[in-house]
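Summary of the model geometry
Okay, here's what each chain looks like letter by letter:
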Amino acid sequence: MKKMLIVAFAASALAGCMYNKVAEDGLVFYCTFDNEAAVATPAVGPKGKFLGAAFQEGKVGQAMLATVAANNATFELPPNFLGTAGCIEFWAKIRNPSDRIGSGGDPRLFTIIQENTKDTIFTIDIVSNNGAGNAGFSAWTILGNIANIRGLQRLRYQDLFSGSDCRDWHHYAIVWNEDGIKDIAGNPRYALLIDGKLIPDIQGHYRPIEKAKPIISSPMLLTFTHDPARGPSFCTKSPFLIDEFKIWNHAKTTF
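1. Some details on unusual backbone geometry
Note on backbone geometry: most residues besides glycine have negative phi, and most peptide bonds are trans. With an omega of 10 degrees, the peptide bond running from Asp106 to Pro107 counts as cis. For the bond from Phe224 to Thr225, the omega torsion is 5 degrees, close enough to zero to count as cis. Along the chain, Thr225 turns up in the loop between β15 (220-224) and β16 (240-248). Phi at Phe33 takes a positive value of approximately 55 degrees, unusual for a residue other than glycine. In the Ramachandran plot, Ala69 falls in the positive-phi region, its phi being about 55 degrees despite a non-glycine side chain. Of note, Ala69 is situated in the loop between β4 (62-66) and β5 (73-77). When its relative accessible area of 46% is taken as the criterion, Ala69 is described as partly exposed.

Okay, here's the thing in structure tokens:
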């Protein structure tokens, strides 16, 4: 009887801890990517579908190895799961054996797709050509898209990670707020931060809020890293490790 009470208390305490995180901190999704079970039932947020992948040593515990031209995991996000303010953050590690960066997401670190239109709403890519003639770090948000290098470039990964090892773990965060991100100079509506540093945006493509709201109200699909109904061109072009993936319902800028 005593053993049963201890187990019940532990389960209740854990549930309360997760509830407090959601209610107080605004954490609405958290996948540790430690194993298949962590994908099927994330620590916080909608359940996922594990579609096959290896797990290796991660930044914290284990991490999932995302592979080329394949979808390794998906999570269905209900309408209004994302809002006009939020933050997506995670750790990733490049595993491309080549030093050179290709086009079209090399790698593409995640995608969030509007299910009814199949349009890509969120993503972070490392590219030599982002499809709009720019390069470097390229990101899409609900409010617009970012690129940090003007023009097509023949880039190496190390060019983008000056002062650190490009093949080490790096922290990525994409932040947005229709009212402006107050913790960033100039109060931009969206921003990309890598290892806590703001990535300059030379592209400045803004989606008006009246166009963003209908997207927010529709169901979306979080994938690693493409919609299974679409071709491999929408998938990552090189492998990478993904770990500690979180979505917040406010424009978080401290990590």
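Still more to cover.
2. A few points about helix α4 (residues 209-216)
Taken together, the buried positions of α4 are occupied by Ile209, Ala212, Ile215 and Ile216. Down the axis of α4, the smallest arc covering the buried residues is 115 degrees, so these residues share one side. Exposed residues pointing more than 90 degrees away from the buried face of α4 are listed as Glu210, Lys211 and Lys213. Its buried side turned inward, α4 meets β7 (108-114), β8 (120-127), β14 (205-206) and β15.

3. Re the packing of aromatic side chains
Applying the stated criterion to the full structure yields 12 aromatic pairs. When the centroid spacing of 5.6 Å and the interplanar angle of 20 degrees are considered together, the rings of Phe50 and Phe55 count as stacked. For the pair Phe90 and Phe110, a centre-to-centre distance of 5.7 Å together with 75 degrees between the ring planes defines the contact as edge-to-face. Separated by 20 residues along the polypeptide, Phe90 in strand β6 (residues 85-94) and Phe110 in strand β7 bring together distant segments of the chain. A single burial state applies to Phe90 and to Phe110, both of which are buried. Through a chain of ring-to-ring contacts, three or more aromatic side chains come together here, namely Phe29, Phe33, Phe75, Phe90, Phe110, Tyr172, Phe224 and Phe245. The ring of Tyr206 carries Arg189 above its face, with NZ or CZ at 4.3 Å from the centroid. Over the face of the ring belonging to Tyr30 we find Lys246, whose NZ or CZ atom lies 4.8 Å from the ring centre.

4. Here we look at the pairing of β7
Counting buried residues in β7 gives 7 out of 7 residues, a clear majority hidden from the surface. Direction of pairing for β7 relative to β8: antiparallel, over a ladder of 4 bridges. Counted as the bridge partner of Thr111 is Thr123 from β8. From the end of β7 to the start of β8, which pair antiparallel, there are 5 residues, and Lys118 there has a positive phi angle of about 70 degrees. Bridge count for β7 against β15 is 4 bridges, and the pairing is antiparallel. Bridge pairing links Ile112 to Leu222 in β15.

5. Focus on the environment of Thr67
Here Thr67 shows up in the loop between β4 and β5. According to the relative accessible area criterion, Thr67 is partly exposed, its value standing at 28%. C-alpha separation for the pair Thr67 and Cys235, spaced 168 residues apart in sequence, amounts to 9.0 Å. Every residue in contact with Thr67, bar those within four places of it in the chain, is listed here: Asn72, Cys235 and Thr236.

Parameters and conventions
- Just so you know, the residues in each chain are numbered from 1, in the order the chain's sequence is written.
- Selection of residues for local features in this predicted model requires a pLDDT of at least 70, selection of side-chain atom pairs for listing and counting requires 80 or more, and totals for whole chains, interfaces and linings are taken over all residues.
- The basis for every side-chain value is the complete set of heavy atoms in the structure, and neither hydrogens nor water enter the calculation.
- For the purposes of this entry, the term helix denotes a DSSP run of H or I that reaches at least four residues, the term strand denotes a run of E that reaches at least two, and both are numbered from the N terminus.
- Between buried and exposed lies partly exposed: a residue is buried under 20% and exposed over 50% of the maximum accessible area for its type, with that area taken using a 1.4 Å probe on protein chains only.
- Regarding the arc, it is the one traced by the directions from the helix axis to the C-beta atoms.
- By the convention used here, residues are in contact when the closest approach between their heavy atoms is within 4.5 Å.
- Each Phe, Tyr or Trp ring (for Trp, its six-membered ring) is paired with any other whose centre lies within 6.5 Å, and the angle between the two planes then decides the class: stacked below 30 degrees, edge-to-face above 60, tilted in between.
- Definition used: whenever NZ (Lys) or CZ (Arg) falls within 6 Å of the ring centre and also within 35 degrees of the ring normal, the charge is taken to sit over that ring.
- Two strands qualify as a pair provided DSSP detects at least 2 bridges between them.

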